[in-house]
Amino acid sequence: MRGYASLRDDVVAYFAERFGVDLSVLDGFLFVEHAEEIWAATAAAPPGLSLARPAGVRALRRTESGFKPTSAFLTLLGERVRAGRAEVEAQEDLAALLLGKDLPCSLGPGFAAISFRGDIVGCGAVREGRIRALIPTGRKKELLDALSTPRGA
Amino acid sequence: MNGDRSQGGLSRYQGIIPDWEAFQSACGRPLPATLRVHTMRGDVQNLASRLARQGFPTRPVAWAPDFLVADREGVGKTIEHWLGLFYVQELVQALPVLALDPQPGETVLDLCAAPGGKTTHTSDRMESRGLLVANEPNGRRMQALLANLNRVGALNVAVTGYRGESFPLAEAFDRVLVDAPCSAEGTLRREKTLRQGAYPSVIKRMALLQRRLILRGYDLLRPGGTLVYSTCTFAPEENEAVVAFLLDERDARLEPAALPVVASSGLAKWEDAVFPHGMEACVRVYPHELDSGGGFLARLRKP
């Protein structure tokens, strides 16, 4: 059985190396593994309760090739993500990603944080110089709706 | 059948709601578009500037520094909302959390949590430190709760799905919020059908459930802990009568909620019922006194 210190070290090292997240950012976080998912939290639920959802936010999944960060956790980290960012400026480009198209990307292969005008909006996958969005379907639809909402005067 | 709403309706409150004409007039006005900033995700001024650039100018709320009033509808369809930087919420919904006064590091239970407005507010007030258990037995409502927790990134919230009245007594909490299901008369500015008042049978059914919920919420407190009981209805059967039931069944102590708003006191009596001494510490909120929805809350302590 893997020890907690090992899990924590692996997670912190992953976010530091891939996303440039300062080690101190994750100081107050607990990381708890449920099945293949790793949750980040600032509190642990007592063992006497049957949980519908653990404390905190789903941060990572284990895949055959290593960790995959969740869109929710990357969005929560926000501006503290300093590397591995795929910057998108044009609304049309973000909409294209949300509609399932891929775009050119200069990052190396692996997972990336999609940044729209400075806000991290989710996780993407880079392969052969192109990125596609891995944001959950419902959230993609909500973001498309937000992008299409008429602005005020 | 739910019974005949014409037998009383809102007019049965004419003798207890101050300035009845102003109340009726306020009930017909649209609600202001208000939002609560998630201060753990960013400061109020920064969000106000972002929203203004999007065409949504906002104004501060003097007594609630983490709230803003938007000058037009649609603010819930912005990318800032999608990012979880704020929650669209009526001002009246802030009051139970202010009365609860959760502190960082405490263990807190929100017994009837969906859709999550008060849960996320409580988490924010706790600065994401300490544990907040959000309980919701209804599967569909729990989905809304989970979606909101995911959107705002609530880091100290665990979710359970117990029936509130049978939440296990294995844990003791520093604070418990029982924001009970109710007949929702206080939402009448949004729900026009409620301007005739709630069905008597609904009030009766809710009052039975509320009594079970407030008892269990109280029993889940550690000694010295604080319970806030709240509803969004005007019906005394669901408000003062439920608190009186708890006072009769347990050694609970009513406390002033010390809220920063103009509101009315709890009732000393209603129809044939005379409530225990001290019920004036309860808070009744009316739409003409606070430009929002209506509601009720009581703050109680376990000795």
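Conventions and cut-offs
Residues numbered from 1 in each chain as written. Chains lettered and ligands numbered in written order. Predicted model: local features only at pLDDT ≥ 70, side-chain atom pairs only at ≥ 80, totals over all residues. Helix = DSSP H or I, 4+ residues; strand = E, 2+ residues; numbered from the N terminus. Rg over C-alpha atoms; globule rule 2.2 N^0.38 Å. Buried ≥ 20, exposed ≤ 12 C-beta atoms within 10 Å, placed from the backbone. Contact = placed C-beta atoms within 7 Å. Pairing = 2+ DSSP bridges. Nonpolar A, V, L, I, M, F, W, Y, C, P; charged D, E, K, R; others polar. Domains from an automatic or database assignment. Axes fitted to C-alpha atoms, helices over the stretch in contact; angles between N-to-C directions. Parallel < 35°, antiparallel > 145°, perpendicular 65-115°, else oblique. Left-handed = near helix turned anticlockwise from the far one by under 90°.

Chemist: Account for the overall build of chain A, naming residues and giving values.
Modeler: Helix and strand counts for chain A come out as four helices and 10 strands. Secondary structure of chain A in N-to-C order comes out as α-β-β-β-β-β-α-β-α-β-β-β-β-α. The C-alpha radius of gyration computed for chain A amounts to 17 Å, which stays within 12% of the reference 15 Å derived for 153 residues, consistent with globular compactness. Along the first, second and third principal axes, the C-alpha atoms of chain A reach 50 × 35 × 30 Å. Looking at chain A as a whole, 33% of its 153 residues qualify as buried. Across chain A, every contact between residues at least 6 apart in sequence was considered, and the portion connecting residues at least 24 apart equals 46%.

Chemist: Explain the overall build of chain B to me, and be specific about the residues and the numbers.
Modeler: Across its full length, chain B holds eight helices and 15 strands. Scaling as 2.2 N^0.38, a compact globule of 303 residues should have a C-alpha radius of gyration of about 19 Å, and chain B matches this with 19 Å. Referenced to the eigenvectors of the C-alpha coordinate spread, the extents of chain B come out at roughly 55 × 50 × 35 Å. Residues counted as buried form 51% of the 303 residues belonging to chain B.

Chemist: Could you give me a rundown of the sheet that holds strand E6 (residues 85–88) of chain A, with the residues and numbers involved?
Modeler: All names here are of chain A. If you trace the five strands from one edge of the open sheet to the other, you get E6-E8-E9-E10-E7, paired in mixed fashion. The open sheet has two edge strands, E6 and strand E7 (103–104), and neither has a second partner. Of the pairings in the sheet, the one linking E7 to strand E10 (residues 130–133) comprises two bridges and is antiparallel in character. Bridge pairing in E10 places Pro104 opposite Arg130.

Chemist: Please give an account of the environment of Val61(B) that cites residues and values.
Modeler: Residue and element names in this part refer to chain B. With respect to the helices and strands, the residue Val61 is situated in the loop between strand E2 (58–60) and strand E3 (67–70). A residue is classified by how many C-beta atoms lie within 10 Å of it, and Val61, with 20 of them, is buried. Taking the C-alpha atoms as reference, Val61 lies 27 Å from Leu155; in sequence the two are 94 residues apart. When near neighbours in sequence (up to four residues on either side) are disregarded, Val61 contacts Phe67, Leu68, Val69 and Leu91.

Chemist: For the interface of chain A and chain B, give the residues involved together with the corresponding values.
Modeler: Across the contact, 28 residues belong to chain A and 29 residues belong to chain B. Among the residues forming the side of chain A that touches chain B, the class breakdown is 16 nonpolar, seven polar and five charged. When strand E3 (residues 51–53) of chain A meets strand E7 (residues 157–160) of chain B, the two strands line up antiparallel, connected through two bridges. By the bridge assignment for E7(B), Arg53(A) is matched with Val159(B).

Chemist: I'd like to hear about the domain arrangement of chain A, residue by residue, with values.
Modeler: Residue and element names in this part refer to chain A. In terms of domain boundaries, chain A breaks down into domain 1 (1–70) and domain 2 (84–153). Put simply, the middle of domain 1 and the middle of domain 2, counted by C-alpha atoms, are 24 Å apart. Across the contact, six residues belong to domain 1 and five residues belong to domain 2. Within the side of domain 1 that touches domain 2, the residues separate by chemical class into two nonpolar, two polar and two charged.

Chemist: Any details on the pairing of strand E6 (residues 131–135) of chain B? Residues and values, ideally.
Modeler: Residue and element names in this part refer to chain B. Counting buried residues in E6 gives five out of five residues, a clear majority hidden from the surface. Of the two faces of E6, the one holding Leu131, Val133 and Asn135 and the one holding Leu132 and Ala134 are both buried throughout. Relative to E6, strand E5 (residues 107–110) runs parallel, the two sharing four bridges. By the bridge assignment, Leu109 is partnered in E6 with Val133. Here E6 pairs with E7 via four bridges, running parallel.

Chemist: Tell me what's going on with the packing of helix H7 (residues 200–219) of chain B against helix H8 (residues 240–249) of chain B, and back it up with residues and numbers.
Modeler: Residues and elements named next belong to chain B. Following both chains from N to C, one finds H7 and H8 inclined at 45°, their axes separated by 9 Å at the closest point. Between H7 and H8, the crossing angle belongs to the class labelled oblique. The interaxial crossing formed by H7 with H8 has right-handed handedness. Note on element contacts: H8 touches H7 through Ala241, Val242, Phe245, Leu246 and Glu249, opposite Ala207, Gln210, Arg211, Ile214, Leu215 and Tyr218. A breakdown of the residues in the contact of H7 with H8 according to their chemical character gives eight nonpolar, one polar and two charged.

Chemist: Any chance you could break down unusual backbone geometry for me, citing the residues and the numbers?
Modeler: All names here are of chain B. A cis amide bond links Ala114 with the next residue in sequence, Pro115, at an omega value of 5°. Among the structural elements, Pro115 can be located in the loop between E5 and helix H5 (117–125). In this model, Asp101 sits at a positive phi of 55°, which is unusual for a non-glycine residue. Among the structural elements, Asp101 can be located in the loop between helix H4 (94–100) and E5. Not every positive phi belongs to a glycine, and Glu127 is a case in point at roughly 55°.

Chemist: Describe the sheet that holds strand E4 (residues 57–63) of chain A, and please don't skip the residues or the numbers.
Modeler: Residues and elements named next belong to chain A. One open sheet holds the four strands; their spatial order is E1-E2-E4-E5, and the pairing between them is antiparallel. The open sheet has two free edges, formed respectively by strand E1 (30–34) and strand E5 (66–69), since each of these has just one partner strand. Adjacent strand axes in the sheet meet at a mean angle of 30° when their direction is disregarded. Contacts from helix H1 (residues 4–19) reach E1, strand E2 (37–41), E4 and E5 within the one sheet, and its direction differs from that of E1 by about 110°.

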